[in-house]
Amino acid sequence: MDRSEYLRNIWFRYPAMPTYSSAHGRIYSLDRDFQVNIELEMTLERDGQFYHVEFAKAPIYSEFLVEGDIVAVISAEAIMLLSPALQALPIKKYDHELQRHWNHYLSLLRDFFSQQGFHEVKTPTLVCCPGTEPSLDVFSTDLKIGSQYQKLFLPTSPELHLKKVLASGAEKIFEIATCFRNGEVTTTHQPEFQMLEWYRAYANSSIIKKDVENLVVFLASNLDKPKPQKVRSYAVSDLFKKYCNFNLTPQTSLQELKSLAEKLKVDVCSAESIDDYFFLIFMDKIENQLPADELVFVEKYPPYQAALARLTNDGWGDRFEVYWQGMELANAFHELNDPVIQRMRTQEDLQKKKHMGKTEVPVDQQFMQTLEAGLPPSAGIALGLERLFMAFYSIKKISDLKLFPF
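Residues numbered from 1 in each chain as written. Predicted model: local features only at pLDDT ≥ 70, side-chain atom pairs only at ≥ 80, totals over all residues. Heavy atoms only, no water.

Visitor: Requested: an account of the pairing of strand S2 (residues 40-46), with residues and values cited.
Guide: Across the seven residues that make up S2, a large majority, six, are buried. Two strands pair when backbone bridges link them, and S2 and strand S3 (residues 49-55) are joined in this way by seven bridges, in the antiparallel orientation. Directly across from Leu40, in S3, lies its bridge partner Phe55. Hairpin geometry of S2 and S3 is characterised by an intervening segment of two residues between the two adjacent antiparallel strands and by a positive phi of about 55° at Asp47. (Buried < 20%, exposed > 50% of the residue type's maximum accessible area, 1.4 Å probe, protein only. Helix = DSSP H or I, 4+ residues; strand = E, 2+ residues; numbered from the N terminus. Pairing = 2+ DSSP bridges.)

In structure tokens form, the structure reads like this:
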């Protein structure tokens, strides 16, 4: 009789868990090389722990067991096959230690914000507008209620809804949100990822910058990991001067950036807009020059990069990005709350999306109404949770954190 015959004719198919077992789990290793006084030995894995089991006499039918089978040890003479390994698992092995680290990390994040007096909120996962950032591709679906249809989207960020919450009376809020961006699979991008966003009403971006520094130091201390060697801030124009020998101003034109890219031999064949030229030059000549062991704030972006941020008195976008361990971790705004300028910026973004052939999205009219009703001066930030975890644990690929990566 072979294993197939045993499974077909002898084995009681998929029994319930017995009321008693001295050990149970998936067979990790199986050794039938007879040793002195040991006829069968196996290692079981359960909940990330390994159990070594030895038998002086091989239990009945144990010759048909293979590595990967899930079993319960009933006695020194009996093993119950609970679920046979008929194929290899289609997903990667569950990493118990990594998951414990991740859960501890999330718990510490919540502790930090609780200690700072923030309230955790939950915004929708189906939204009428996923965000209007021109470069982002989105996921869409249809809501059907009777004969009524409405196109909805998965959010690229919870930002618009969190600002609605600020306007409704909250002052310090945060959310750990699942966000979705189509067409992004790299070592630091997955189509579905975790975003931490927090906002302060009656505040500016300098306070958010201090939050970031305090959060990283708090996590490093509690995770027993090294904190950044230094904290530095650079204006974008200073970085362009240092690494590109170029005087970037708020008025720098598309043609000037084209000429700079040509001079620096930056591949800009994919560029379609001034944003693209800026981004490709920054990525190629500046971003990889930022010291990995320092927490770096890059601030004062060109006005066309302002998005949902105010402009400073000298014409720069009042926002910053955060870098550490060679990764961009976060993007923060001194929030724009002028409804007239915001509507104009939104229309510009939507025109850019159309020109780039991206999926068209509607204006979030409720957000516009919220601005018209009054949003207090505020500041906020979006931080990639997986990326910060990767920085602490020296993980190179975001897919390593996912049970079901793309």
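Visitor: Could you give an account of the side chain of Lys402, naming the residues involved and the relevant values?
Guide: Structurally, Lys402 is set in the segment after helix H10 (385-393). Relative accessible area serves as the criterion here: at 15%, Lys402 is assigned to the buried category. Setting aside anything within four residues of it in sequence, one finds Lys402 in contact with Lys92, Gln190, Glu192, Phe193 and Glu386. (Contact = heavy atoms within 4.5 Å.)

Visitor: Which residues make up the sheet that holds S3, and what values do they have?
Guide: Strands sit in the order S3-S2-S1-S4-S5 across an open sheet of five strands; the sheet is antiparallel. What marks the edges here is a single partner per strand, and that holds for S3 and strand S5 (78-83). Pairs of neighbouring strands in the sheet enclose a mean axial angle of 45°, with direction left out of account. (Axes fitted to C-alpha atoms, helices over the stretch in contact; angles between N-to-C directions.)

Visitor: Explain unusual backbone geometry residue by residue, including any values.
Guide: Phi is mostly negative for residues that are not glycine, and the peptide bonds are mostly trans. The phi angle at Asp224 is positive, at roughly 55°, despite the residue not being glycine. Tracing the backbone shows Asp224 in the loop between helix H4 (205-223) and strand S11 (231-235). At Gln325, a residue that is not glycine, the phi angle is positive and equals roughly 55°. Within the secondary structure, Gln325 is located in the loop between strand S13 (317-324) and strand S14 (327-334). Residue Gln325 is classed as partly exposed on the basis of its relative accessible area, which comes to 37%.

Visitor: Lay out helix H6 (residues 254-264) in plain terms, naming residues and giving numbers.
Guide: Here H6 has its buried residues at Leu257, Leu260, Ala261 and Leu264. Taken around the axis of H6, the buried residues stretch over an arc of 100°, which confines them to a single face. For H6, exposure combined with an orientation more than 90 degrees from the buried face picks out Gln255, Glu262 and Lys263. Check the buried side of H6 and you find it contacts helix H5 (236-244) and helix H7 (274-285). Backbone geometry just after H6 places Lys265 at a positive phi near 60°. (Arc of directions from axis to C-beta.)

Visitor: Please set out the pattern of salt bridges residue by residue, giving values where relevant.
Guide: Under the counting rule described, the total for this entry stands at 17 salt bridges. In this structure, Glu120 engages Arg110 in a salt bridge whose closest nitrogen and oxygen atoms are separated by 2.9 Å. Of this pair, Glu120 sits in strand S6 (residues 119-120) while Arg110 is found in helix H2 (residues 96-115), placing the two residues 10 residues apart along the sequence. For Glu299, the salt bridge goes to Lys209, with nearest N and O atoms at 2.6 Å. Taken together, the residues span a long stretch of sequence, with Glu299 in strand S12 (residues 295-301) and Lys209 in helix H4 at a distance of 90 residues. Through salt bridges with shared partners, a single network forms among Glu159, Lys163 and Glu335. (Salt bridge = Lys/Arg side-chain N within 4 Å of Asp/Glu carboxyl O.)

Visitor: Provide a residue-level description of the layout of surface pockets, including the pertinent values.
Guide: In this structure, the second largest pocket spans a volume of roughly 420 Å³. Taken together, 19 residues form the lining of the second largest pocket, with Gln99, Leu401, Lys402, Leu403 and Phe404 sitting closest to its centre. Listing elements by their share of the lining of the second largest pocket, those giving two or more residues are H2 and strand S10 (192-201). Here the element with the most residues in the lining of the second largest pocket is H2; it accounts for three residues. (1 Å grid on protein atoms, 1.4 Å probe; cavity = no way out; pocket = protein on both sides within 12 Å on 5 of 7 lines; lining within 4 Å. Points joined across faces, edges and corners; volume = space filled by probe spheres on them.)

Visitor: So, empty space enclosed by the protein: which residues are in play, and what are the values?
Guide: With a probe scaled to a water molecule rolled over the atoms, the places where space remains empty come into view. Evaluated as defined, the whole model comprises one cavity of 30 Å³ or more. Lining the largest cavity are Cys129, Thr132, Leu160, Leu308, Gln342, Thr346, Val363, Asp364, Phe367 and Met368. Mapped by element, the contributors of at least two residues to the lining of the largest cavity are helix H8 (339-355) and helix H9 (365-373).

Honestly, that's just the spatial picture; any functional story needs more than this.
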